[in-house]
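# Survey of secondary and tertiary structure
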Amino acid sequence: MAEKELLNGHQPPPARPGSDETTLNETLLNYADVPIRKRLDQPRPTSGSGMFSALRAAIGKDLSRIAMPVQFNEPVSFTQRLVEDLEYSNLLDRAAEETDSLKRLAYVTAFANAIFACSAPGMRVYKAFNPLLGETYELARPKDGWRVVVEQVSHHPPVTAMHAESNRGWVYRQHYGCTIKFRGTLRLDPNGPATVEFPNGDRFSWVKPTTVVHNIFLGKLWVEQVTPMTVTNLHTQEKADVLWQSYSVVGSKYMDLTAYVKDAKDKVQHTIHGRWDQGLVLLPGFIPQSKLPAGSTILKGKQGLRIWTANELPSSHKPFYGLTGFAMGLNAKLDNVCPTDSRLRPDQRLLEDGSFDESSAEKRRLEEKQRAARKQREQDNSDWVPRWFELKQDEQLGGELWCYKGGYWDHKANGTFSNESWWPDIY
């Protein structure tokens, strides 16, 4: 693929602090011949025992500290699951092109909500593997024009850091922590910001909403988001307030989503409405929720501007853990990755290959190895130091943010990942 085709007529962004000498376009060229896998080789095997006893033992506890059987897992690590946000990177591309700051905010808001489409009813019901401390993941998509690196920077509490950059000029970062509690329903309370920056100086931030998973024991699993979310332009102070619908209030219309795009004087200029599993429409001015039609109705009509449409699912997704087409490609084997890459994690690979028993044994071994390493650090009075990210004070956010230090893509380009003794032995 020619360099001009990879750039799609756009120049890569200028170097920023924490960037690599290896340019984004060089990485995209090196990824040009990497095929994108469309489905797994093996469907999910028949479930084994131990699921309900594990659930009973987990009631009221933080699940990030509980060893769960692999029967609950899908063959994806959370480092990879975080990258699934970029399935809808075209929304950030559109935002980068927009000259109206409020419409740019609308596209970023659509991006911040599109990621939940993969948890619509009948789709994902399995849990991503908890990353091991120091676990990493890389991915580049030449046709989409971006590259991303992820690292598990803390284990207790669990925190995952992510840095993505695009040849459209945007940079997307995540500092993702989450408390997971089980009290009959599964509740995931995220903490830590997501941010996206554009070349014109606009910078947006938000914290993902709380997600609740219902019917863990009996019935059909389903998911809802239960807390409001605000997407803020830290440069202009414009913001969008996102309102999720609760099943306990609206019944079957709980997948309807409404957001109000406000100017710096807190006046609503646009209304976003639709369904978080299907699509969103941008409408002019303020329309009260009580006067909006059902999300499915407005998506079928011609009112407003359609700013996002969910991707169609593969026809065979259900036997394959309910994964989206984008997710099915995330764990495909790849040469010249850091030895800490999630693709090399043996328990996850064994699950993808269809073996519950072997995967369970490997999962226990890795967890015991991680505990032993932590105990040794405590005895040595030493702290774990992440390789690719560092915690910095962010004045705009008014708090701390895990920031990319740079260097990952240089090591990949130089072939130094083959020197396994240079990298943490986490597997």
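Right above here is the structure, for reference.
A brief structural summary. (Residues numbered from 1 in each chain as written. Predicted model: local features only at pLDDT ≥ 70, side-chain atom pairs only at ≥ 80, totals over all residues. Heavy atoms only, no water.)

The terminal C-alpha atoms of helix 6 (residues 101-114), which comprises 14 residues, lie 20 Å apart, in line with the 20 Å expected from a rise of 1.5 Å per residue. Burial analysis of helix 6 places 13 of its 14 residues in the buried class, which makes it a mostly covered element. Here helix 6 starts with a cap whose side-chain oxygen sits 2.8 Å from the backbone nitrogen of Leu102, and that cap is Asp100. (Helix = DSSP H or I, 4+ residues; strand = E, 2+ residues; numbered from the N terminus. Expected span 1.5 Å × (residues − 1). Buried < 20%, exposed > 50% of the residue type's maximum accessible area, 1.4 Å probe, protein only. Polar contact = N/O pair within 3.5 Å; in protein donor to acceptor, adjacent residues only side chain to side chain.)

So, on to the packing of aromatic side chains. What the rule picks out here adds up to 18 aromatic pairs. With a centroid separation of 5.5 Å and 85 degrees between ring planes, the pair formed by Tyr88 and Trp308 is classed as edge-to-face. In this pair, Tyr88 sits in the loop between helix 4 (78-83) and helix 5 (90-97) while Trp308 sits in strand 17 (residues 305-309), placing the two residues 220 residues apart along the sequence. Classification of Tyr88 by relative accessible area gives buried; the value is 5%. Geometrically, the ring pair formed by Tyr408 and Trp409 is edge-to-face, given 5.2 Å between the ring centres and 80 degrees between the ring planes. Residue Tyr408 shares its accessibility class with Trp409, and that shared class is buried. Every member of this aromatic cluster is reached through a ring pair, and the members are Trp388, Tyr408, Trp409, Phe417 and Trp423. Here the basic side chain of Arg387 rests over the ring of Trp388, its NZ or CZ set 4.2 Å away from the ring centre. (Phe/Tyr/Trp six-rings, centres within 6.5 Å; stacked < 30°, edge-to-face > 60°. Lys NZ or Arg CZ within 6 Å of the ring centre and 35° of its normal.)

Another aspect to go through is the pattern of salt bridges. Tallying each qualifying case throughout the model produces 27 salt bridges. In this structure, Asp202 and Arg104 form a salt bridge, with 2.5 Å as the shortest nitrogen-oxygen distance. Taken together, the residues span a long stretch of sequence, with Asp202 in the loop between strand 8 (194-197) and strand 9 (203-206) and Arg104 in helix 6 at a distance of 98 residues. Each member of the pair, Asp202 as well as Arg104, is classed as buried. Between Glu135 and Arg345 there is a salt bridge, with its nearest N and O atoms 3.1 Å apart. Linking Glu135 in the loop between strand 2 (127-129) and strand 3 (136-141) with Arg345 in the loop between helix 9 (325-328) and helix 10 (346-352), this pair joins segments that are 210 residues apart in sequence. Summarising the burial analysis for this pair, Glu135 and Arg345 share the class buried. Each of Glu74, Arg81, Glu84 and Arg124 takes part in one network of salt bridges that share partners. (Salt bridge = Lys/Arg side-chain N within 4 Å of Asp/Glu carboxyl O.)

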